[in-house]
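Remarks on the overall topology
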Amino acid sequence: MTTQLNTEFLKEIAEQAIDFAQRKGADAVEVDVHAGQGMSVNILNQQIDSLEYDRGKEFSITVYLGKKRGSATTNDFSLDSIKRAVNAAYDFATYAAEDPYSGLPDREQLAFNPQKLEQYYPWDITAEKAIELAMACEAHALSINKPLIKSDGAGLSTHQTYELLANSEGFMQGYFSSSHSMHCALIAEKNGEMQSESEYTCAMDPTDLWTTDYIAEEANKKAIARLGARQIPTQNLPILFVNQAAASFWKYLIGAAMGGNIYRRSSFLLDQLNQIILPEHISLIEKPFLHKGVGSSPFDDEGVYTREKNLIHHGRLMTYLMSTYSGRQLGIPTTGNAGGVHNIVVESAQVKPLADLIGGMHKGLIVTDTLGQGVSLVNGDYSKGMTGFYVENGQIQFPVEEITIAGNLKDMYQQIVGIGVEQDHRYNIRTGAVLIENMAVAGS
Amino acid sequence: MSQEIIHRVTDSLLTSSGLSLQDIDRVFSKIMCSNVDYADLYFQSVYHESWYLEEGIVKEGSYAYDQGVGIRVVSGEKTGYAYSDDLVLPALEDAAIAARSINRLGNATQAIKAWNRGSTPIMYSHNNPLDSMTSQQKVDLLNKADQLARAASPKVTQVMASLSSSYEQVLIFNHDGSCHADIRPLVRFNIQVLAEFGDKREGGSCGGGLRGDYAHFSDVLIQEFVNKAVKQALTNLEAIPAPAGLMPVVLGSGWPGVLLHEAIGHGLEGDFIRKKTSAFTDKLGQRVASDKCTIVDDATLLNRRGSVAIDDEGTVGQNTMLIENGILRGFMQDKLNARLMGVAATGNGRRESYAHIPMPRMTNTYMLPGDDDPADIIKSVKKGIYAVNFGGGEVDITSGKFVFSASEAYLIEDGKVTAPIKGATLIGNGPDVLTKVTMVGNDLQLDPGVGVCGKDGQSVPVGVGQPTLKVSEMVVGGTQL
C-alpha cells in the first residue's frame, strides 16, 4: 500500500483537526477522512478505449457550537488547508441557527467496539492483465450471434478505499474496503433497429466475480432478446419486476421509511408505523453483518452501531430508519441508519421460482428496466417508462418498449401477489422478482 | 477577449503551489513521443459553499475546496488518464507516467519551445460569488424566502430552501504549446415546499441561478420562485389522476425544453455518433424533425448556467446549429471525436472535474421561436395535456426511447386548459418525436438556470429552452385508461 492509503497519516490529520477545532472553541467535532485509489480500463472493438488511474482523498469536518452547526470539506491535506477548513466550518456555524436536535450521537450509541467485518480484498492486477480480461470478455460476446451483435464497450475496474470516522467523544474507527467490477455492453442490430443491453458483475473479493464468458453470454442473450421490441395498447396488466427493477421497487419503501422524510412529513409512510403495508407473508430484514455483503458495515455514517432488525415483519412496518438527528426530531433513539440501510433482505413464506411466476401469468409484463424519475415519495405516485417483455399464457411473447407503467406505491405494495426465490447479491437490497397484481400501462 | 485571466489563474493555480512553466515542460517531456496524438494537463480549483434552511431556521452552512490536475494522453482512439489532487511535481510526474502507459514508447519528440497563451472571451463575471454577500445576508435571504412561502398559503407546512455558489478556475496546457484559462462563477437558489390539505400531501419546487453572483437573487426574483413553488404544490393538491395513452401534448416554454435535451441532444453527441451507437448515426442532412424545428446548442449566451467561454479542452464556446428547419445539420464534438471523425471541435468537450476524462456534452440547448401564438396552440387541441413543469428525464441513446416526468400539468379539453393532473411520465422516440411537432410558439424562453446533466457518472451544469410547442401525439403515462 502506498502513501495514498497511509492510515497513520490520515489518523494524524483527523486528530489534529479535532484538536484545533476544540482549541478554537468548538463544543463538539466530527471528522470523516477517506482516501482511495483504483484503476479502470475500457475496451471497444478489441482496442483500448481508455485506461484511467484514480487517486482521490477528502477531509470533511462538522463543528458544533452548542446547538449550531457548520461543516467544511477539502482535498488539500496540507496543515494550512486543514486549518482553513476548520475555520470555515467554525465561521459557518456561528451563522447557523440554534437547532435543538443537532449534535453528536449519544456516547453509548457509538461503536467503540465494532464487529470485525472483512471487507478488504485488494486485487493485485496489472493494467495489462485487466485489458486482457476485458478484451477476452468482449471477444467472446462478439463471437455469438455474430451478424447481429456489435460492441458498446467492455471494461474492468478495481478500487480500494480507506475510510476513517472520528469525533470529539474519542471515537475513531477506520476500515479498508475494496470493490471490483467487470462489464460488457452490446448492441443488437437488425433491420435498422438498434437495442443496447449490458451485463456486469461486481464484488468486494475479485474471486467472487463472474467469469468473463458468463458476462459475455448473458449480455449477448439480453441484447438479442430485445430485438423486435414494440409498443402494446393502453390497458391494465399484472407487472413482474425482475433483477435491478425489483431492487429499485423496494428502494422507494426504504426511502419513505427514512426518518428525515418522516419528520419533514414528506413520506407516503407517514403515520404508518406498526401498520400492515405489505401482504403478511413478506418481511424485510436489515442484515448489516452479511459476509461480503455490499451494504455490510459495523457502524453507520456517524459511528453508531448498526444492528440486525426487522423493517417489515409479516407485512407490518416495525420501525422507521433513524439517524441520531431524525431520531431526536421524532423522540426515538437512532436505529443506526445515518446514511441509509445496510443490506435489506426480502423474505417471504411463499417464494416461487421466477419461471413459475412467469408461467402463472395469463397476460402481463416483465419489467427488466425502468426509465426516469417519476416517483413521489411524498404521496407514493408512481409513473415510469419501462422496457421488458410481454407475456401471454405463461410464455414470453415479445419485447416491449415506449410504454409506461403507473400506479401508487401504497397500492402496489399491498398488491404484491408473488415473490421470486432467486436473489441477486449485487445490490444492497437482496430480493427475488416481485409480481404486482395490476397496474395501468400506457402505450399505443 | 482577455489575456488577463490566464495570468490570474496561472498565479492562483501554479505559482501558489510552487509550480512553474518549466515544471509543466518537464511533465510533457515524460509524455510526448511520436505516437502521441494529443495530450493535455487540466488544472482546476473549486471553492464552493451552500446554506440550507428547513423548519424555519438555517440549519447549516458548508464550505468545500477541491483542487487537482488531470493528465490525459491520447494515441489513436486510446485515452490514458490519471490525476492527482496534490499539486506538486513528483505527483504530476507519477500521473504523467501512469497516463502514458497506454503507449509503448516511441521516439521522443521535440520539447515545447514557448507557451502560447490563448485569450478567453468575456462571457461572465470573474469575481468570486462567495464574497458577493455577507454570511448574514445569505442567512437573511433564506429566512425571507421561508417567510414568503409560509405567508403565501396556510396549506404550506414545510419549506426547504438552499443557496449555493461556486468559484471555479481552470488552466489547460495542450501538447501543441497552447494554454488556456477560464474563471467560472455559478450561483443557485432553490425552494421546495410541502402543502397539505386533509390527508393529501404534495410538493412543489422552483429555483434558478446563473454564472454570476448573488446579486442575481433580487427580492422580486425570490418572490417569483416562491410563488411558483407554492402554486405547483397547491395545484397538485387539486390534481386529478392523469390520463393514460397516446394523445396530443402541449409543452410550455422554458424548462420543458428538457424534451430537446433528452429526445435529441444526447443522441447528437459526437462520441455516440463516432461509435455508431446513437439512433442518429448516419442521419446528417436528413429530416429528423418537422420544418418548424430549429435547434441549437449555444455556449455563448452571457451569464447562462450552461455557458462556457472555453470548454474543458480550451476550445472557445460556440453556437452550434444542430437541426435547421427539421434537417440534421451538426453534432456536438470534443477534440478526440472531432479528430477521429475528421471534423472541427465545437467547444463541447466538458468534464465534471480534473478527475474525469472530457466528453462531448451539451451547453445551452434550445429551440428557436416559431410563428404560433401560444393561445392558438392550446385552442388547437381537442383532448390532450398541457405540461408546464418537469422533473428530470432519461434517454436510451441507442433505441432512442426517452422519458421526462411532468411535475405540473393540466388537461386540455375542447381547446381550453381545465383540471390539473397528477404528475405523469411522458415517453417517446427521439428520432421521430420532433417530426410530430406541428405548432411552435413565438414565446422562446430559457430555463431559470437549474439544469444538471449526468452522463457516464459525470455531472455538468446545462441550460435548456424552447417556445410553447405542440407534439401531435405522445404516450402519457397516467393511470386513467
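Preceding this paragraph is the structure being described.
In what follows, the accompanying structure is described. None of these values were measured; they are calculated from a predicted model.

What follows deals with the overall build of chain B. Helix and strand counts for chain B stand at ten helices and 23 strands. The globule rule puts the C-alpha radius of gyration for 481 residues at 23 Å, and the 24 Å found for chain B is close to it. Judged by the C-alpha coordinates and their principal axes, chain B covers about 75 × 55 × 35 Å. Among the 481 residues that make up chain B, the fraction classed as buried is 60%. The contacts of chain B with a sequence gap of at least 6 include a subset with a gap of at least 24, amounting to 76%.

Of the residues lining the interface, 64 residues belong to chain B; the matching set on chain A comes to 60 residues. The biggest single contributor to the side of chain B that touches chain A is strand β2 (residues 57–75) of chain B, with eleven residues. Split into classes, the residues belonging to the side of chain B that touches chain A amount to 24 nonpolar, 26 polar and 14 charged. Note that strand β2 (residues 47–65) of chain A and strand β3 (residues 78–84) of chain B share four bridges and pair parallel. Along β3 of chain B, the bridge assignment pairs S50 of chain A with T79 of chain B.

This brings us to the nonpolar core. Counting residues in hydrophobic clusters, the biggest one holds 198 residues, and the most contacted among them are L240 of chain A together with I385 and V476 of chain B. Beyond its immediate sequence surroundings of up to four residues, V476 of chain B is in contact with A442 of chain A together with A242, P243, A244, G245, M247, V249, I385, A424 and L426 of chain B. If you look at the next biggest cluster of nonpolar residues, it comprises 56 residues, including I61 of chain A together with L141, C206 and F217 of chain B.

With that out of the way, let us pick up unusual backbone geometry. With phi around 55 degrees, E402 of chain A is a residue other than glycine that occupies positive phi space. The phi torsion at N303 of chain B lies on the positive side, around 65 degrees, for a residue other than glycine. Positionally, N303 of chain B belongs in the loop between β9 (295–298) and β10 (319–324). Judged by the 14 C-beta atoms lying within 10 Å of it, N303 of chain B falls in the partly exposed class.

Our focus in this paragraph is the environment of G68 of chain B. All names here are of chain B. In this fold, G68 is placed in strand β2. Along the backbone, G68 and Y83 are 15 residues apart, and their C-alpha atoms lie at a distance of 7.1 Å. What G68 contacts, discounting residues up to four positions off in sequence, is Q44, Y83, S84, D85, Y354 and A355.

Every α-helix winds through 3.6 residues per turn, so residues three or four apart in the chain are directed the same way. With 17 residues, helix α2 (residues 79–95) of chain A extends 25 Å from end C-alpha to end C-alpha; this agrees with the ideal 24 Å at 1.5 Å per step. Buried residues of α2 of chain A: I82, A85, V86, A88, A89, Y90, F92 and A93 of chain A, and no others. Tucked inside the fold, the buried residues of α2 of chain A contact α1 (7–24), β2 and β3 (68–74) of chain A together with β2 of chain B.

Our next topic: the sheet that holds strand β17 (residues 429–430) of chain A. Residue and element names in this part refer to chain A. The sheet built from five strands is open, its strands ordered β10-β9-β8-β11-β17 with mixed pairing. A strand with exactly one partner marks an edge of an open sheet, and here the two such strands are β10 (316–317) and β17. When strand β8 (residues 282–286) meets strand β11 (residues 344–348), the two strands line up antiparallel, connected through five bridges. The partner of L284 across the bridge, within β11, is V346.

What counts and what doesn't
- Residues numbered from 1 in each chain as written.
- Chains lettered and ligands numbered in written order.
- Predicted model: local features only at pLDDT ≥ 70, side-chain atom pairs only at ≥ 80, totals over all residues.
- Helix = DSSP H or I, 4+ residues; strand = E, 2+ residues; numbered from the N terminus.
- Rg over C-alpha atoms; globule rule 2.2 N^0.38 Å.
- Buried ≥ 20, exposed ≤ 12 C-beta atoms within 10 Å, placed from the backbone.
- Contact = placed C-beta atoms within 7 Å.
- Nonpolar A, V, L, I, M, F, W, Y, C, P; charged D, E, K, R; others polar.
- Pairing = 2+ DSSP bridges.
- Core = buried A, V, L, I, M, F, W, Y, C linked by C-beta atoms within 7 Å.
- Expected span 1.5 Å × (residues − 1).

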